[in-house]
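# Reading the structure
Chain residues, written in single-letter form:
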Amino acid sequence: MQSHALCTTSSRNLNHIGFLPHNFCYLRIGTSRVSFECRSLASCVDCKLLESRARGHGFRVRRRVCAMDDDSFGVSFDHWGDDDRPGEYMFSSSEGEDSDGDIYLQPFTDIDLPTSKERFLPSDDSITVTAHRLATLGSSRKKKRTIHGFWNNVGLMLFSIFVLLLVDQCAWRIVRLPLAPFHLMRPFLISVVSVSCVGYICVPLFRMFKLRSIVRNRRHSSKRGTPTMGGLYFVPIGLLVAEAVLHFSSIEVSGAAAATLAFAAIGLLDDFMGIGYKKDGLPVWIRVLLEIAIGAWFSYWLWTTKISTPYNMKTVVPLPAPLGRVCLGKLYPVLTSFCLVSMANGVNFTDGLDGLAAGTAALAFIGMSIVVLPICSDLSIFGASMAGACVGFLFQNQYKASIFMGDTGSLALGGALAAMASCTGMFFPLFISSGIFVLEALSVIIQVFVFQAAKLFRRRGYMVFRMAPFHHHLELCGVKEPVIVGVAYLIASVLILCAAYVGLSSA
């Protein structure tokens, strides 16, 4: 008796897991057809043993009983190959109406199939399955890297909670006024829970509406098709939580929220025009002009609005001793506009790796919340709420990301940070706490300036970095993406502690 099999892998794996008896002789023809010949069918096949081993290796067994004779038997099962398409194995004793009962075997996942290097004990199925699972435990590099992204997120959240609880415990020494219990922790946790829950609803919707990102970097080709414009849901939630906690009564928070939404609108227009694989989005010069216009509007609003702070901070910039407070006068609106535009683009440059911009922005918001606490406690709630929104977004944006924030989120985060500094005059602490954004923006400026200067004088361009922004340079140097993000979190954590010290000492 002879039977044929159409397969996508070698039949040697079948022998290892006990589906083919040892007294089956097979001959491999080409790459997709195997011929089997059974010498003694009655002595080598035991249906119960076959079913037991099939179930032990993750196969679903379906039996179809027909008229059977003593000399025939048939088995059919499917195997999922590397291309996620099933390849079918079929063993039949005859080809006519007298064919025997079939057993269909279908694996749940391709990981459950053993490799050719593994040795199994055919006498005990439980030992076989256990040995196989232990042998394949942690063998996938992608899974390990995904776990690294998860631990980055866990470490960031634990550090944020520890710092905010410490500040809440010592807030009365900073402000010297009674504050509500968990002044910063409450909006932070509300935003984290709200954004993380809404994210699990919005991500499938974004996929359904095909709001896909454009990935031009070849190293990130696997990210093509990932949804973008995540700022559409986590930025408004952060703003709403801050306003709800303050009962919509703070004019400083309302102004900062308006600036945040204005920058989010620019990013939304850019993302919407860039949806598709052949579109480039909003032209750069138009986007910069819109950002300058919003910066000028916010500066005018800040100049003409009476802000309820302990002292007039609209034209005064606090600096550490021995400089003290520096009055800028009419230059203050210019500094405000420059800060808004530069911070928005700095966060936008940083948004190139999974979790990098969201995590560092969350830490920067926490640092600014501590800095502005003695000047305007309402803005500290705003910063804590936005930090929680960023951390909640990381549940979908950590490596490997299920969604990107897009320009809608990055421009909004930069505008929110700059608005907090502009309302309180804390530009220098913002410069320290946003050190990652400053580094990314400087790497782009240096790369473009040096390249153009070398091209002008030497008629040949010269690049300081392999690729700008700086995190792409590290990638091309061989540093893994989760490692870059984790180190950035560590650096940002140290920077916000320094910014908090500088800001509290100069307030």
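This structure is a prediction, so every number in the text was calculated from the model and none was measured. Throughout, a residue's number is its position along its own chain's written sequence, starting from 1. Local features in a predicted model are, by the rule used here, given only for residues with pLDDT of at least 70; side-chain atom pairs are given and counted only at 80 or more, and totals for whole chains, interfaces and linings are based on all residues. Each side-chain value is worked out from all heavy atoms of the structure, with water and hydrogens disregarded.

## Here we look at the overall build of the protein chain
Along its length, the protein chain carries 17 helices and nine strands. Relative accessibility under 20% of the residue-type maximum defines a buried residue, over 50% an exposed one, and the middle range a partly exposed one, all with a 1.4 Å probe and only protein chains included. Expressed as a percentage of the 507 residues in the protein chain, the buried residues total 50%. In what follows, residue pairs with any heavy atoms lying within 4.5 Å of each other are defined as contacts. Across the protein chain, every contact between residues at least 6 apart in sequence was considered, and the portion connecting residues at least 24 apart equals 74%. Residue burial considers only the protein chains on display, and all accessible areas are found by Shrake-Rupley using a 1.4 Å probe. With the model as given, the accessible surface of the protein chain reaches about 25700 Å², and the carbon-plus-sulfur share is 63%. Helix and strand definitions here come from DSSP, where helices need a minimum of 4 consecutive H or I residues and strands a minimum of 2 consecutive E residues; each element is numbered from the N-terminal end.

## Some points on the packing of helix H7 (residues 231-245) against helix H12 (residues 377-397)
An axis is simply a line fitted to the C-alpha atoms; with a helix, the fit covers only the stretch in contact. Between two such axes, the angle follows the N-to-C directions and lies from 0 to 180 degrees. The N-to-C vectors of H7 and H12 enclose an angle of 145°; their axes lie 8 Å apart at closest approach. When you trace H7 past H12, the crossing you get is right-handed. Between H7, through Tyr 233, Phe 234, Val 235, Gly 238, Leu 239, Val 241, Ala 242 and Val 245, and H12, the contact on the second element is made entirely by Ile 381, Phe 382, Ser 385, Met 386, Ala 389, Cys 390, Phe 393 and Gln 396. When its residues are assigned to classes, the contact of H7 with H12 shows 13 nonpolar, three polar and no charged. Left-handed describes a crossing whose near helix is turned anticlockwise from the far helix through less than a right angle; right-handed describes the clockwise counterpart. Residues are sorted three ways: Asp, Glu, Lys and Arg are charged, Ala, Val, Leu, Ile, Met, Phe, Trp, Tyr, Cys and Pro are nonpolar, and all the rest, Gly among them, are polar.

## A closer look at the packing of aromatic side chains
Remark: the centre distance and the inter-plane angle together describe each pair of aromatic rings, the angle taken between the planes. Any Phe, Tyr or Trp ring, taking Trp's six-membered ring, that has another such ring centre within 6.5 Å forms a pair; planes under 30 degrees apart are called stacked, those over 60 apart edge-to-face, and the others tilted. Under the defined criterion, the tally for this structure stands at nine aromatic pairs. On the numbers, 6.2 Å between centres and 55° between planes, the contact of Trp 297 with Phe 298 is tilted. A residue is classified by how much of its surface remains accessible, and Phe 298, at 0% relative accessible area, is buried. Here the aromatic rings of Tyr 332 and Phe 427 are separated by 5.6 Å at their centres, their planes lie at 65°, and the arrangement is edge-to-face.

## Observations regarding helix H13 (residues 406-424)
Taking 1.5 Å per residue, 19 residues should reach 27 Å; H13 reaches 28 Å between its end C-alpha atoms and fits that length. The element H13 is extensively covered by neighbouring structure, given that 19 of its 19 residues are classed as buried. To estimate the expected span of a helix, count its residues, drop one, and scale the result by 1.5 Å.

## Things to note about the pattern of salt bridges
Any two side chains of opposite charge can pair, on the condition that their charged atoms come close. In what follows, salt bridge is the name for a side-chain nitrogen of Lys or Arg lying within 4 Å of a carboxyl oxygen of Asp or Glu. Using the criterion set out here, one finds three salt bridges in the structure. Across the salt bridge formed by Asp 270 and Arg 287, the nearest N and O atoms sit 3.2 Å from each other. Here the residue Asp 270 occupies a position in helix H8 (residues 251-273), and Arg 287 occupies one in helix H9 (residues 284-304), the gap between them amounting to 17 residues. By the burial criterion, Asp 270 is buried, and Arg 287 matches it.

## Remarks on unusual backbone geometry
Omega for the bond connecting Ala 321 with Pro 322 falls within 30 degrees of zero, at 10°, which places this linkage in the cis form. Considering the arrangement of structural elements, one finds Pro 322 in the loop between strand S8 (316-318) and strand S9 (325-327). Not every positive phi belongs to a glycine, and Phe 182 is a case in point at roughly 55°. A positive phi angle is found at His 247, which is not glycine, with a value near 60°. Locating His 247 in the fold gives a position in the loop between H7 and H8.

## What to know about the side chain of Ser 380
Inspection of the secondary structure assignment puts Ser 380 in helix H12. Using a relative accessible area of 0% as the deciding quantity, one classes Ser 380 as buried. Polar contacts, as used here, are pairs of N or O atoms within 3.5 Å; protein pairs need one atom able to donate a hydrogen and one able to accept it. Residues neighboring in sequence count only if both atoms are side-chain atoms. Engagement of the side chain of Ser 380 in a polar contact is seen with the backbone oxygen of Ser 377, the distance being 2.3 Å. Contacts of Ser 380, omitting those with residues within four sequence positions, involve His 183, Leu 184, Ser 369, Val 372 and Leu 373.

## Quick look at the side chain of Asp 354
Relative to the elements of secondary structure, Asp 354 occurs in the loop between helix H10 (331-350) and helix H11 (356-371). Since its relative accessible area comes to 5%, Asp 354 is described here as buried. If sequence neighbours within four positions are ignored, Asp 354 has contacts with Lys 223, Asn 397, Gln 398, Tyr 399, Lys 400, Ala 401, Phe 404, Glu 481 and Val 485.

## A closer look at a nonpolar patch on the surface
Put simply, a patch holds well-exposed residues, over 30% relative accessible area, that have no salt bridge, with like charges counted together within 9 Å and Val, Leu, Ile, Met, Phe, Trp or Tyr side chains within 5 Å. On the surface, Leu 442, Ile 445, Ile 446, Tyr 462 and Val 464 cluster together to form a nonpolar patch covering roughly 450 Å² of accessible area. Mapped onto the elements of the fold, Ile 446 is located in helix H15 (residues 435-457). Overall, Ile 446 belongs to the partly exposed group, its relative accessible area being 38%.

## Describing the nonpolar core
Throughout, nonpolar core names a set of buried Ala, Val, Leu, Ile, Met, Phe, Trp, Tyr and Cys residues whose side chains join them through atoms within 4.5 Å. Counting 98 residues, the largest nonpolar core has Phe 234, Phe 365, Phe 382 and Leu 413 as its most contacted members. When neighbours within four sequence positions are excluded, Phe 382 is seen to be in contact with Leu 239, Ala 242, Val 253, Ala 256, Ala 257, Thr 260, Ala 416 and Met 420.

## Brief notes about the environment of Thr 408
Mapped onto the elements of the fold, Thr 408 is located in helix H13. On the basis of relative accessibility, which here comes to 2%, the residue Thr 408 falls in the buried class. Linking Thr 408 and Asn 348, residues 60 residues apart in sequence, is a C-alpha distance of 9.4 Å. If sequence neighbours within four positions are ignored, Thr 408 has contacts with Met 229, Gly 231, Leu 232, Ala 264, Gly 267, Leu 268 and Asp 271. A polar contact of 3.4 Å, which involves the side chain of Thr 408, links it to the backbone nitrogen of Leu 268. There is a polar contact of 2.8 Å between the side chain of Thr 408 and the side chain of Asp 271.

## Overview of the packing of H9 against H13
H13 packs onto H9 with a crossing angle of 30° between their chain directions and a minimal axis gap of 12 Å. In terms of axis orientation, H9 runs roughly parallel to H13. Of the two elements, H9 crosses H13, and the hand of that crossing is right-handed. Counting all contacts with H9, which are made through Arg 287, Glu 291, Phe 298 and Leu 302, the residues of H13 involved are Asp 407, Leu 411, Ala 419, Ser 422 and Cys 423. Looking at the contact of H9 with H13 residue by residue, the class counts come to five nonpolar, one polar and three charged. Throughout this description, any angle smaller than 35 degrees is read as roughly parallel, any larger than 145 degrees as roughly antiparallel, any in the 65 to 115 degree range as roughly perpendicular, and the remainder as oblique.

## A few points about the environment of Ala 389
Tracing the sequence through the fold places Ala 389 in helix H12. We classify Ala 389 as buried; its relative accessible area is 0%. When the C-alpha positions of Ala 389 and Ile 190 are compared, they lie 8.7 Å apart, and in sequence the two are 199 residues distant. Excluding anything up to four places from it in sequence, Ala 389 contacts Ser 191, Val 195, Phe 234 and Gly 238.

## A short note on the environment of Val 391
Positionally, Val 391 belongs in helix H12. What makes Val 391 buried here is its relative accessible area of 0%. It is 7.0 Å that separates the C-alpha atoms of Val 391 and Met 157, two residues lying 234 residues apart in sequence. The residues touching Val 391, leaving out its near neighbours within four places in the chain, are Asn 153, Met 157, Phe 188, Val 192 and Ala 362.

In short, the description is geometric, and any link to function would need to be established separately.
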